[in-house]
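Results of the structural survey
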Amino acid sequence: MITPRFDIEQDDEFLNIKITINNVRFSSSGVEVNINENVLIFHLSPYYLRLRFDHNLVDDERATANFIPGESKILIKAPKANKGEVFADLDLHTKLLARINIGDSIEDRKPQGSLIEEVSSGDNREKIEDIAKLGEDFDWEIEQVEETEHDELLSQSFKYGFNSNYLGLIGVSVSNGNDINDLNDPEHTNAIDRTKQRIQKENNGFDDEYFASEYITYKYGTEEDLDINRIKNILAFKPKFVQNYQDWVNQQSPEKANDIMPLEFTETEHKQMADNLPRKEYILAPETIKLNYITILNVLFSFNFENIENEGDHTSESVWTIGKLTPQIAGLDQQLILPESAKEEPKDENGNEVLMKEVTSATMEGEKKQPESIIKTAIIAGIKRSLCFPLHRNYELSKKAWESTFQILKGGQRLVIRNLLAVHELFRFHDVYYVYNKCLLDDLVAWFISQGNETVVRSLALELEQQLLNLTKDDIAFECLADVDMETGEPSMETVTISELEVLSEQMYNESVAQ
C-alpha cells in the first residue's frame, strides 16, 4: 500500500481533506472511507491513508468523497461531531497519521510491521502521558543512579542513538571518512565511556594559544585584522528564524509579546515530513523524554552557531560544524553527566586508563565542580566544543548562539520543528554524515512532531534563560598542559577557566605592546 499525499482545511462543519491519487483511474465504487470517532480511513488501491485527529468526526449522510477534475485529487468532506470545534495541527501530517489499531486496549497494542515501533513496556504508558502534560513544574534534573553490575551487563550491547536503539551505523561511516565522530571505537564503547571520551576530547581539542589569539584580535585587532577575521560582522548577524520571530514579537501588543508564534509550514516542509521521517509510535521512559529535549537543545545551539558563523550561508563544512558541536552526535553521548560511581581516572587519547597523578587529581577537582543541572551541563558542553573545533572560537559568539536558541524556544514548538527540519535536511544530503539521521535525527524529529509538548518547550526556554543569566566565564574550564617532567616524560595538567585565560592573554598583550 502507498500512503498518498494529502492536505487538510476546516470550516465550522467539515474537515476538507484533499488526497492526491496520481496515475490511478478513479472509480467511485472503489473508494472506501470509514470514520470511527476520531479516526478516518481512506482506501483506494494502491493507496491507503489512516488519520487520527484530536476531536471526533461523524459518519452520516453529509460525508462525501468526490474526484476533483484536473487536479488528480479526491476531496473528502468529513463532518465534525461538534459544529464549530477547532481541530489543531492539521498541517502536522506525521502527527495525524494514525499509529494505533482502532479498538485495541493499551495492553493489546502491537507493532504493525515497519510502521509501528513499541519502545519500552506498556506498563510505563501512564507515566509517559503524565510527563507530556507537565507544565511549568517540569523537572529538568536528571536522576543520577549509581551503576550496578546489572547495568554494566546491559551496557555491553553498546547501542547508541535515539533511545539507544542503533548499532553498526557509525563504525561503517568512520571508514568512509566520518570526521564528526569523537569516539575511538564507536561500536564498542558503552554509554559511560562515551561520556568520558567526550569530556577528554573536549580537553584535548582546546588550544589555549588559538583562543588567546582570537580573543586579542576581537578586543584589540586593527581594522584590517577585524576585516580578515570578520568576527565583528559575525556577531552582528542574526539568524533568519530568530529574526522572523523577533519581527513577529515587535508587531504584537505588550500583553501578547510572550505568546506562541503562529506558523504555517511550507509545501517543502510538508513533503519532508511526509517522505523523509519515520512513522512510529514512541513509548519512552520519562528520563529518556527529558534527554530528548536536551538533545534538541544542543542541536539548536549548534545550528544557530553555524548560521551565525557563516552569516546565513551554508557551506560544505556546515554539517560537520553542527555535528561536531553537538555532543549527542559527535560523542553519541545522550546522558552528558557521569554517574558518581563512574567518576574515576580519565583515559588518554588512546583510551588508556593510566594517567599520572597530577592529571587525576586535577580532573577529579574539576568533576567536583560538575554542575548538577542537565541544562547547564548541555550549555557548558556546547560552549566548550565551540571553543575547540570551529574556525571562530570566541566566547561572545558562543553566548550569542545560546541566546538565539532561547529565542527559537520562545517561538514555540512549530518554530523548533522548522529548525529541526532544516538540520535534518542538511544531514540527509551528506554522503557520509547522513548516518546521524538514521540513528538519531530521523526519530528525534518525528518524535518531537508527534509527541512534543508546547508547555514543556516553554518550560525549557525559561530554564535555559535562567541558566544563561547565571552563567559566568569561570564555569567554562579546560584541562590544559602545564608542564612536562623532563625525567619521566609525564605531563602535568591544570584546570584553567576562560576568565583566567583572558586575563593571561591581556597580560601577554600588554607586555608585547610595552616592548
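A closer look at the overall build of the protein
What the protein contains, in helices and strands, is 20 helices and nine strands. Taken over 515 residues, the protein has a buried fraction of 50%. Here the protein has roughly 24,800 Å² of accessible surface; of this, 47% comes from carbon and sulfur atoms.

A few points about the environment of V86
Looking at where V86 falls in the secondary structure, it is placed in the loop between β7 (73-79) and α1 (93-96). Assessed through its relative accessible area of 60%, V86 is described here as exposed. Between the C-alpha atom of V86 and that of E13, which follows or precedes it by 73 residues, the distance is 9.8 Å. Beyond its immediate chain neighbours, meaning those up to four positions away, V86 contacts Q10 and H55.

So, helix α9 (residues 240-250)
Three or more residues of α9 are buried, namely F241, V242, Y245, W248 and V249. Viewed along the axis of α9, the buried residues span an arc of 125 degrees, placing them on a single side of the element. In this structure, α9 carries K240 and N250 as exposed residues pointing more than 90 degrees from its buried face. In this structure, the buried side of α9 is in contact with α11 (286-309), α16 (395-411) and α17 (413-428).

Observations regarding the sheet that holds strand β6 (residues 64-68)
Taken together, four strands build an open sheet; the order of strands is β1-β2-β7-β6 and the sheet is antiparallel. Each end of this open sheet is capped by a strand with a single partner; those strands are β1 (6-10) and β6. With strand direction ignored, the average angle separating the axes of adjacent strands in the sheet is 20 degrees. The pairing of β6 with β7 spans five bridges and is classified as antiparallel. Bridged to F67 within β7 is I74.

A look at unusual backbone geometry
With a phi angle near 55 degrees, E37 is a residue other than glycine that sits in the positive phi range. Within the secondary structure, E37 is located in the loop between β3 (32-36) and β4 (39-44).

Quick look at the packing of aromatic side chains
For the coordinates displayed, the defined rule picks out 13 aromatic pairs. Considering the side-chain rings of F206 and F211, the 5.9 Å spacing of their centres and the 45 degrees angle between planes classify their relative orientation as tilted. F211 carries the same exposure label as F206, and that label is buried. Here the aromatic rings of Y293 and F448 are separated by 6.1 Å at their centres, their planes lie at 85 degrees, and the arrangement is edge-to-face. Highlighted residues: Y293 in helix α11 and F448 in helix α18 (residues 435-451), separated in sequence by 155 residues.

Topic: the side chain of S318
Summarising the element assignment, S318 is placed in helix α12 (residues 318-325). Separated by 2.7 Å, the side chain of S318 and the backbone nitrogen of T315 make a polar contact. In this view, S318 contacts E306 and N310; residues no more than four positions away in its chain are not counted.

Thoughts on the nonpolar core
Judged by nonpolar contacts, the single largest core of 96 residues is most densely connected at F427, Y436 and W447. A total of 12 residues in this core trace back to one element, the largest contributor, which is α11. In this structure Y436 touches I170, N178, I180, N181, I329, L332, F427 and L441, once residues within four positions along its chain are discounted.

Examining the pattern of salt bridges
Tallied over the full model, the rule gives 20 salt bridges. Of the charged contacts, one joins E202 and R198 as a salt bridge, the two residues approaching to 3.3 Å between their closest N and O atoms. Of this pair, E202 and R198 both sit in helix α5 (residues 191-205), four residues apart, which is roughly one turn of the helix. E269 is the partner of R418 in a salt bridge, and the nearest nitrogen-oxygen pair spans 2.7 Å. Here the residue R418 occupies a position in helix α17, and E269 occupies one in helix α10 (residues 267-276), the gap between them amounting to 149 residues. Assessed through its relative accessible area of 10%, E269 is described here as buried. One salt-bridge network, in which partners are shared between bridges, spans D182, R198, E202, K324, D333 and R385.

Brief notes about the confidence of the model for the protein
Residues shown with low pLDDT carry predicted positions that ought not to be read at fine detail. Averaged over all residues, the pLDDT of the protein equals 84, while 80% of them reach at least 70. Model confidence for the protein, summarised as mean pLDDT per element, is weakest for helix α14 (residues 357-368) at 38 and strongest for helix α13 (residues 327-330) at 98. Counted against residues more than four places away or in other chains, residues 144-155, with its pLDDT under 50, gives 12 contacts.

Some details on the sheet that holds β4
The pairing of strands in a sheet comes from backbone hydrogen bonds and takes either a parallel or an antiparallel form. The three strands are arranged β3-β4-β5 in an open sheet whose pairing can be described as antiparallel. The outermost strands of the open sheet, each flanked by one partner alone, are β3 and β5 (47-52). Taken pair by pair, the neighbouring strands of this sheet meet at an average axis angle of 10 degrees, ignoring direction. The pairing of β3 with β4 spans five bridges and is classified as antiparallel. Each residue of the ladder has a partner; that of E32, found in β4, is H43.

Scoring rules and cut-offs
Residues numbered from 1 in each chain as written. Predicted model: local features only at pLDDT ≥ 70, side-chain atom pairs only at ≥ 80, totals over all residues. Heavy atoms only, no water. Helix = DSSP H or I, 4+ residues; strand = E, 2+ residues; numbered from the N terminus. Buried < 20%, exposed > 50% of the residue type's maximum accessible area, 1.4 Å probe, protein only. Areas by Shrake-Rupley, 256 points an atom, 1.4 Å probe, with all protein chains shown as cover. Contact = heavy atoms within 4.5 Å. Arc of directions from axis to C-beta. Pairing = 2+ DSSP bridges. Axes fitted to C-alpha atoms, helices over the stretch in contact; angles between N-to-C directions. Phe/Tyr/Trp six-rings, centres within 6.5 Å; stacked < 30°, edge-to-face > 60°. Polar contact = N/O pair within 3.5 Å; in protein donor to acceptor, adjacent residues only side chain to side chain. Core = buried A, V, L, I, M, F, W, Y, C linked by side-chain atoms within 4.5 Å. Salt bridge = Lys/Arg side-chain N within 4 Å of Asp/Glu carboxyl O. pLDDT = per-residue confidence, 0-100.

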